[in-house]
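Chain by chain, the residues run as shown.
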Amino acid sequence: MERKLKFATECVHAGEKPDPVFGAHTTPIFQTSTFIFNSVEQGACRFAGEETGYVYARIPPNTPTHAALSEKFAVLEGGETSQTFASGMAAITAIMLTVLKQGDHLISTDVVYGCTYSLFSEILPGLGIDVTFADTTDIENVKRALKPNTRMIFLETPANPTLSVCDIREISALAREQGAICVVDNTFATPYFQKPLLLGADISLSSCTKYIGGHADLLGGIVVCSREFMKSLAKVVGYTGGIMGLHEAWLCIRGLKTLHIRMERHAENALKVAKFLESHPAVEWVRYPGLPDHPQHETAKKQMIGYGGMLAFGIKGGIEAGSKLMNSVRLCSLAVSLGATDTLIQHPASMTHACVPEEVRGKVGITDGLVRLSVGIEDPDDIIADLKQALEKI
Ligand SMILES: *Cc1c(COP(=O)(O)O)cnc(C)c1O
């Protein structure tokens with residue numbers, strides 16, 4: 001049997017094919033909307049799905065640039081196939097339209113990305129889909145939320161912004177027992193640290209805007225699934241059209257070549273910053289899945305090989321002190337989004353999660369005092385020095 005390549009090697013090589021015409025070393029941007037058929041018969045076969053090949057850039061597999069990215073990412077996540085999207089939200093929307101019909105029930109992690117929460121709480125009910133938000137860190141809550149018509153369990157782990165973690169293996173098995181499918185938003189962990197499909201999930205999705213692109217310069221999303229599920233998803237993609245831009249696809253291919261190196265450094269820095277914050281007298285609490293006092297540290301240890309670059313913390317003196325801190329940083333940027341090379345700091349209650357109703361935020365732990373940090377790949381001493389000088393100002 002052929003020896004399986006290691007993750008770092010796949011980051012660099014998977015999906016890359018030498019250009020047979022001109023010998024281009026990197027995957028070209030195929031800036032074309034349509035593709036020429038050799039014959040009427042070939043065109044008919046492609047439309048009938050009897051022959052794989054390119055047809056029109058909206059219709060999967062879109063273009064060879066998109067296909068190279070999809071192939072690379074599927075290999076990295078240990079899945080059969082994948083599909084790229086214009087954004088993480090376009091990816092989530094396509095999954096919902098593929099799986100859920102009027103009268104179906106969806107169970108979702110209660111702490112999810114703000115727009116995911118809004119999509120599930122404002123848009124899906126209007127389509128006749130029943131949605132229950134549950135604290136998925138405890139499987140008993142998921143069992144209690146189950147209904148005969150539960151079609152999907154949607155997990156975000158680690159969750160944005162509280163960094164809570166839920167057990168993908170346990171909940172995927174429960175979903176299977178119930179005839180439901182388990183979908184995981186893997187944006188925070190990336191395939192470098194966590195591979196949801198290998199833990200039993202049916203579908204894994206990521207916002208490429210974050211660590212996949214990795215440089216805060218693009219919007220994109222990606223879904224990894226079985227070839228069987230892709231048949232249905234590809235139809236929704238073709239009919240709705242929220243595909244990734246070509247230049248973005250090319251940038252994601254480039255970003256993925258350094259994913260392993262960046263993630264290692266993000267995580268190393270995040271642990272150092274978390275330990276510094278823990279030791280600082282002005283800091284009330286720190287939440288990072290890699291710290292032994294994280295409530296689901298054992299679950300994280302079971303299903304992740306590292307803990308990522310995201311952390312949350314609370315300052316003594318609540319939101320007022322937190323605002324002073326965020327207004328006093330110099331090296332860190334006060335900005336939403338995450339997974340950039342530089343360190344980003346933001347306030348979820350007034351920014352990324354302002355769309356979540358206040359009483360829900362309070363209940364799930366998105367408190368007014370919570371500060372979210374996306375730790376970059378700078379020298380950790382400089383990140384810590386910046387936070388230290390800002391903490392002295394409060
Ligand atoms: C940002 C984000 C999304 C949405 O992705 P976009 O690319 O911004 O549409 C979804 N889930 C998580 C966890 C995110 O952080």
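Above this text you will find the structure in question.
The structure reproduced in this document is the subject of the present report. In this text the structure is predicted, and so the values were computed from the model without any measurement.

Conventions we followed
Residues numbered from 1 in each chain as written. Predicted model: local features only at pLDDT ≥ 70, side-chain atom pairs only at ≥ 80, totals over all residues. Heavy atoms only, no water. Phe/Tyr/Trp six-rings, centres within 6.5 Å; stacked < 30°, edge-to-face > 60°. Helix = DSSP H or I, 4+ residues; strand = E, 2+ residues; numbered from the N terminus. Buried < 20%, exposed > 50% of the residue type's maximum accessible area, 1.4 Å probe, protein only. Lys NZ or Arg CZ within 6 Å of the ring centre and 35° of its normal. Expected span 1.5 Å × (residues − 1). Contact = heavy atoms within 4.5 Å. Polar contact = N/O pair within 3.5 Å; in protein donor to acceptor, adjacent residues only side chain to side chain. Pairing = 2+ DSSP bridges. Patch = residues over 30% accessible without salt bridge, like charges linked within 9 Å, V, L, I, M, F, W, Y side chains within 5 Å. Areas by Shrake-Rupley, 256 points an atom, 1.4 Å probe, with all protein chains shown as cover. Salt bridge = Lys/Arg side-chain N within 4 Å of Asp/Glu carboxyl O.

With respect to the packing of aromatic side chains
(1) Moving on: Counted by the stated rule, this structure contains 6 aromatic pairs.
(2) Moving on: Measuring from centroid to centroid gives 5.0 Å for Phe-120 and Phe-154, while their planes differ by 85°, and the two rings are edge-to-face. In this pair, Phe-120 sits in helix H5 (residues 114-123) while Phe-154 sits in strand E4 (residues 150-156), placing the two residues 34 residues apart along the sequence.
(3) Moving on: We classify Phe-120 as buried; its relative accessible area is 0%.
(4) Moving on: A relative accessible area of 0% places Phe-154 in the buried class.
(5) Moving on: Here a set of aromatic residues connected by ring pairs shows up, and it is made of Phe-7, Tyr-192 and Phe-193.
(6) Moving on: One Lys or Arg, Lys-210, reaches over the ring of Tyr-113 and ends 5.0 Å from the middle of that ring.

Comments concerning unusual backbone geometry
(1) Moving on: Cis rather than trans, the peptide bond between Pro-60 and Pro-61 has omega equal to 5°.
(2) Moving on: Of note, Pro-61 is situated in the loop between helix H2 (40-48) and helix H3 (64-77).
(3) Moving on: Residue Asn-160 is joined to Pro-161 through a cis peptide bond whose omega torsion reads 10°.
(4) Moving on: Positionally, Pro-161 belongs in the loop between E4 and helix H7 (168-177).
(5) Moving on: Phi is positive for Ser-337, close to 75°, though the residue is something other than glycine.
(6) Moving on: The residue Ser-337 is located in the loop between strand E10 (333-334) and strand E11 (344-346) in this model.

A few points about helix H16 (residues 380-392)
(1) Moving on: Taking 1.5 Å of rise per residue, 13 residues should cover 18 Å, and H16 covers 18 Å from first to last C-alpha, within 8% of that figure.
(2) Moving on: Listed in full, the buried residues belonging to H16 are Pro-380, Ile-383, Ile-384, Asp-386, Leu-387, Gln-389, Ala-390 and Leu-391.
(3) Moving on: Looking at the buried residues of H16, the elements they touch are helix H12 (259-279), strand E8 (283-287), strand E9 (310-315), helix H14 (318-328), E11 and strand E12 (370-374).
(4) Moving on: Where H16 begins, one side-chain oxygen reaches toward the backbone nitrogen of Asp-381, 2.9 Å away; that side chain belongs to Asp-379.

Considerations on the pairing of E9
(1) Moving on: Burial within E9 is extensive, with 6 of its 6 residues counted as buried.
(2) Moving on: A two-sided burial pattern is seen for E9, the buried positions comprising Met-310, Ala-312 and Gly-314 on one face and Leu-311, Phe-313 and Ile-315 on the other.
(3) Moving on: Relative to E9, E8 runs antiparallel, the two sharing 4 bridges. For Arg-287, the partnering residue across the bridge sits in E9 and is Ala-312.

Observations regarding a nonpolar patch on the surface
(1) Moving on: A contiguous nonpolar surface patch, about 260 Å² in accessible area, is contributed by Leu-97, Ile-123 and Leu-127.
(2) Moving on: With respect to the secondary-structure elements, Ile-123 resides in helix H5.
(3) Moving on: The exposure class of Ile-123 is partly exposed, given its relative accessible area of 46%.

Looking at the pattern of salt bridges
(1) Moving on: Per the stated rule, a full pass over the model turns up 11 salt bridges.
(2) Moving on: Taking the shortest distance from any N to any O, the salt bridge between Asp-104 and Arg-151 comes out at 4.0 Å. Remark: Arg-151 occurs in strand E4 and Asp-104 occurs in the loop between helix H4 (88-99) and strand E2 (105-109); sequence separation between them is 47 residues.
(3) Moving on: The class of Asp-104 is buried, set by a relative accessible area of 13%.
(4) Moving on: Note on Arg-151: relative accessible area 31%, which makes it partly exposed.
(5) Moving on: Through salt bridges that share partners, Glu-16, Lys-72 and Lys-257 make up one connected network.

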